[in-house]
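Chain residues, written in single-letter form:
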Amino acid sequence: MAESHVFHRVLTRTLPRAVGAQGVWIEDADGRRYLDGAGGAIVVGVGHGDRTLVDAMAEQSSRTSYVHGTAFTTDALEDYADALAPLLPLDEPRIYPVSGGSEAVETAIKLARAYHLARGESDRTVIVGRNASYHGNTIGTLDVGGKAALRRPYEPWLGRFPHVEAAYEYRCPSPSHPAGCGAWHAERLERAIAEAGPNTVAAFVAEPVAGATLAAAVPTDDYWPAVAEVCRRHGVLLIADEVMTGFGRTGRWFGVDHWGVRPDVLTAGKGSTSGYMPFGFAACSGEVFETVRGAGPFVHGFTWSHNGVGAAVANAALRRLAEDDLVEASARQGERLLKGLSTAMADDPVVGDVRGIGLLIGVELVSDRGSKAPFARADQVTERVVAAARERGLLLYSSTGHVDGRDGDLIMLGPPLVISDEECDLVVERTAAAVASVSSAS
Ligand code: PLP
């Protein structure tokens, strides 16, 4: 076969060609069918091949495919914002649409800066992030994130922002764990704010449930209320990064809904259009919006921001989620999957933890369950499990290196929310078989 001209994301093997997809299934050019156990990268919510999203895209493209965000608004954008606003855990929200998660987080941190500048607090420049977190791959979002392996090649360009511990119960560093984890994290955040200097912190950014780096690490119930209170007390904006957790993924519309927390800024991407269009947004409270508006323009923008076609598709995804009760389905099927996986792999010696909430589920693989010691990176355990699953017709998402920046093996599941009972059971069966095939060889 002729050499491809594409600079692929995977350079070590030839990728199959996807030619069709329906529901939770993807088909390649050789006729092989794969169960999309992670919705790509926890993206696909409403399922593949949904006609209503495709029609919404075609309809809006045939009206206005592109108009610039400084010259026009569109019905598609206005209608989407009207439909979305009541669902957002923000007071009087305003929505700034962009093309994806990294742009959404980049927009959010600039918005935090703009807010403080507008209030005359120009010293507030610091953004506090968390270790073992992921907020995107641009230089700004990489810096606020804490995924060591992705940061490593670019370290000379990074280092502006401090990081606190992520909420990660399986390896919780709090001495009083499992009691008082929320208070412990709140105290760590308070300390980071003090160390940065009085009135210098602009925002704290965190994923409601740590996704891409910690594979569905669900915080204790006291975590979010406690860190939100610290932010409020110090005039620090709270940015909830819901790029992975938004739009029903965790069994609620947004991750912070589990804890009744209302952030100042919320970011979304992935599930907003279920992957049918590159889209995302940073949404802020009315108070943040009015403050920034009062001081002049928000100095920001992208060629593709405020895109009407993206908004039309996002609105169709929203309708599908609401009309088919897919948020409730995520909670229900998530429980089924979590229980099924926990039971099926209960005796597998490499399965250290099975965790998650809704249809956001992670499995942590360890070389010793008692000590929780990770496998050496050279063992390529995650890669072998993902390959074994692929051979069995199941696609998984994965992450490595979270334990010490090098070792650590995680697999993630996050199928489309339309997954049936039988398909859930198939995911359990194939995941357990893939893990067992590697476990027995280790
Ligand atoms: N924020 C979170 C929480 C994410 O999980 C991701 C992607 O995995 C991003 C931001 C970056 O989104 P994107 O890849 O669309 O730029």
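In this convention, every chain numbers its residues from 1, walking through the sequence in written order. With pLDDT at 70 or above as the cut-off, local features in this predicted model cover only qualifying residues; side-chain atom pairs require 80 or more to be listed or tallied, and sums for whole chains, interfaces and linings still use all residues. Hydrogen atoms and water are omitted, and side-chain values are computed over all heavy atoms in the structure.

A. Fine view of the site of the ligand. Taken together, Gly100, Gly101, Ser102, Tyr134, His135, Gly136, Glu207, Asp241, Val243, Met244 and Lys270 make up the full set of residues adjacent to the ligand. Under this definition, polar contacts are N or O atom pairs within 3.5 Å; protein pairs additionally need one hydrogen-donor-capable and one acceptor-capable atom, and for neighbouring residues in sequence, both atoms have to be side-chain atoms. At a separation of 2.7 Å, a nitrogen atom of the ligand approaches a polar side-chain atom of Asp241. Method for areas: the Shrake-Rupley scheme with a 1.4 Å probe, in which residue coverage is limited to the protein chains shown. Bound to the protein, the ligand loses 83% of the 390 Å² it would expose on its own. If even one non-hydrogen atom of a residue comes within 4 Å of a molecule or strand, that residue is called near it.

B. Quick look at the sheet that holds strand β3 (residues 33-36). On the basis of which strands lie adjacent, the open sheet formed by 4 strands has the order β1-β2-β3-β13 and mixed pairing. Taken across any chain shown, the strands that pair with only one partner, and hence form the sheet edges, are β1 (18-22) and β13 (394-395). Pairing between strands is defined by DSSP: at least two bridges between them are needed. Counting from the N terminus, the helices are the DSSP runs of H or I reaching at least four residues and the strands are the DSSP runs of E reaching at least two. Where strand β2 (residues 25-28) lies against β3, 3 bridges are found, and the strand directions are antiparallel. Counterpart to Ile26 in the pairing with β3 is Tyr34. In the packing of helix α13 (residues 421-439) onto the sheet, contacts are made with β2, β3 and β13, and the angle to β3 comes to roughly 100 degrees. In this analysis, two residues are considered to be in contact whenever any of their non-hydrogen atoms come within 4.5 Å of each other. The axes are straight lines fitted to the C-alpha atoms, using for helices just the contacting stretch, and the angles between their N-to-C directions are given from 0 to 180°.

C. Up close: the pattern of salt bridges. We define a salt bridge as a side-chain nitrogen of Lys or Arg found within 4 Å of a carboxyl oxygen belonging to Asp or Glu. Applying the stated criterion to the full structure yields 24 salt bridges. Residue Glu187 is joined to Arg191 by a salt bridge in which the shortest nitrogen-to-oxygen separation is 3.3 Å. You can see Glu187 and its partner Arg191 sitting in helix α7 (residues 181-196), 4 residues apart, about one turn around the helix. Burial classification: accessible surface area is computed with a 1.4 Å probe over protein chains only, and a residue below 20% of its type maximum counts as buried, one above 50% as exposed, and the rest as partly exposed. Assessed through its relative accessible area of 37%, Glu187 is described here as partly exposed. A relative accessible area of 40% places Arg191 in the partly exposed class. Of the charged contacts in the structure, one is a salt bridge between Arg232 and Asp264, with a shortest N-O distance of 3.2 Å. Taken as a pair, Arg232 in helix α8 (residues 223-233) and Asp264 in the loop between β8 (237-241) and β9 (265-268) lie far apart in primary sequence, 32 residues in all. Note on Arg232: relative accessible area 43%, which makes it partly exposed. Given a relative accessible area of 10%, Asp264 falls into the buried group.

D. Focus on the layout of surface pockets. Space inside and on the surface of the protein is sampled on a 1 Å grid over the protein atoms alone, with a cavity defined as a set of points where a 1.4 Å probe fits but cannot get out and a pocket as an open set with protein on both sides within 12 Å along at least 5 of 7 lines; lining residues have an atom within 4 Å of a point. Grid points are joined across faces, edges and corners, and a volume is the space filled by probe spheres set on the points. Of the pockets and cavities examined, the second largest pocket occupies roughly 780 Å³. Residue lining of the second largest pocket: 29 residues in total, with Ile95, Tyr96, Pro97, Phe289 and His306 positioned closest to the centre. Elements represented by at least two residues in the lining of the second largest pocket include exactly α3 (75-84), β4 (94-98), β10 (280-284) and α9 (286-294). Amino acids are sorted into nonpolar (Ala, Val, Leu, Ile, Met, Phe, Trp, Tyr, Cys and Pro), charged (Asp, Glu, Lys and Arg) and polar (every other residue, Gly among them). Of the residues that constitute the lining of the second largest pocket, the class distribution is 16 nonpolar, 9 polar and 4 charged.

E. Structural view of unusual backbone geometry. Between His177 and the following residue, Pro178, the backbone shows a cis peptide bond with an omega angle of 10 degrees. Within the chain, Ala132 stands out as a residue other than glycine whose phi angle is a positive 50 degrees. Its location among the elements puts Ala132 in the loop between β5 (126-130) and α5 (139-144). Positive phi is not limited to glycine here, since Lys372 has a value of about 65 degrees. Mapping Lys372 onto the fold places it in the loop between β12 (360-365) and α12 (381-391).

F. Structural detail: a nonpolar patch on the surface. Only residues whose relative accessible area exceeds 30% and that take part in no salt bridge are eligible for patches, with like-charged residues grouped when within 9 Å of each other and nonpolar side chains (Val, Leu, Ile, Met, Phe, Trp, Tyr) grouped when within 5 Å. Among the surface-exposed residues, Ile139, Tyr154 and Trp157 lie close enough to one another that they form a single nonpolar patch of about 310 Å² accessible area. The residue Tyr154 is located in the loop between α6 (148-151) and β6 (163-164) in this model. What makes Tyr154 partly exposed here is its relative accessible area of 36%.

G. Representation of the sheet that holds strand β11 (residues 351-357) within the structure. Spatially, β11-β12-β15-β14 is the arrangement adopted by the 4 strands of the open sheet, whose pairing is antiparallel. Looking at which strands have only one partner, the edges of the open sheet turn out to be β11 and β14 (397-400). Across the sheet, the mean angle from the axis of one strand to that of its neighbour is 20 degrees, orientation sign disregarded. Summarising the sheet, β12 and strand β15 (residues 409-413) pair through 5 bridges and their orientation is antiparallel. Within β15, the position partnered with Ile361 by the bridge is Leu413. Along the sheet face, α12 touches β12, β14 and β15 and points at about 30 degrees away from the line of β15.

H. Representation of the domain arrangement of the protein within the structure. Each domain's extent is set by a domain assignment, obtained either automatically or from a database. Split by domain assignment, the protein resolves into domain 1 (18-49 + 325-439) and domain 2 (52-323). Across the contact, 39 residues belong to domain 1 and 37 residues belong to domain 2. By definition, the buried area sums, over both parts, the 1.4 Å-probe accessible area that each loses when the two are put together. Taken together, the two surfaces of domain 1 and domain 2 that pack against each other cover about 3,000 Å², and 59% of this comes from carbon and sulfur. Of all residues in domain 1, Val46, Val327 and Ile357 give up the largest surface area on contact with domain 2, accounting jointly for 21% of the area buried on that side. Counting every contact that joins domain 1 to domain 2 gives 1 salt bridge. The partner of Glu364 in a salt bridge is Arg171, and the shortest N-O contact between them spans 2.8 Å. Linking domain 1 with domain 2 are 26 residue pairs in polar contact (both at pLDDT 80 or more), by the criterion used here. If you tally residues by element for the side of domain 1 that touches domain 2, the top one is β11, at 5 residues. Of the residues that constitute the side of domain 1 that touches domain 2, the class distribution is 21 nonpolar, 13 polar and 5 charged.

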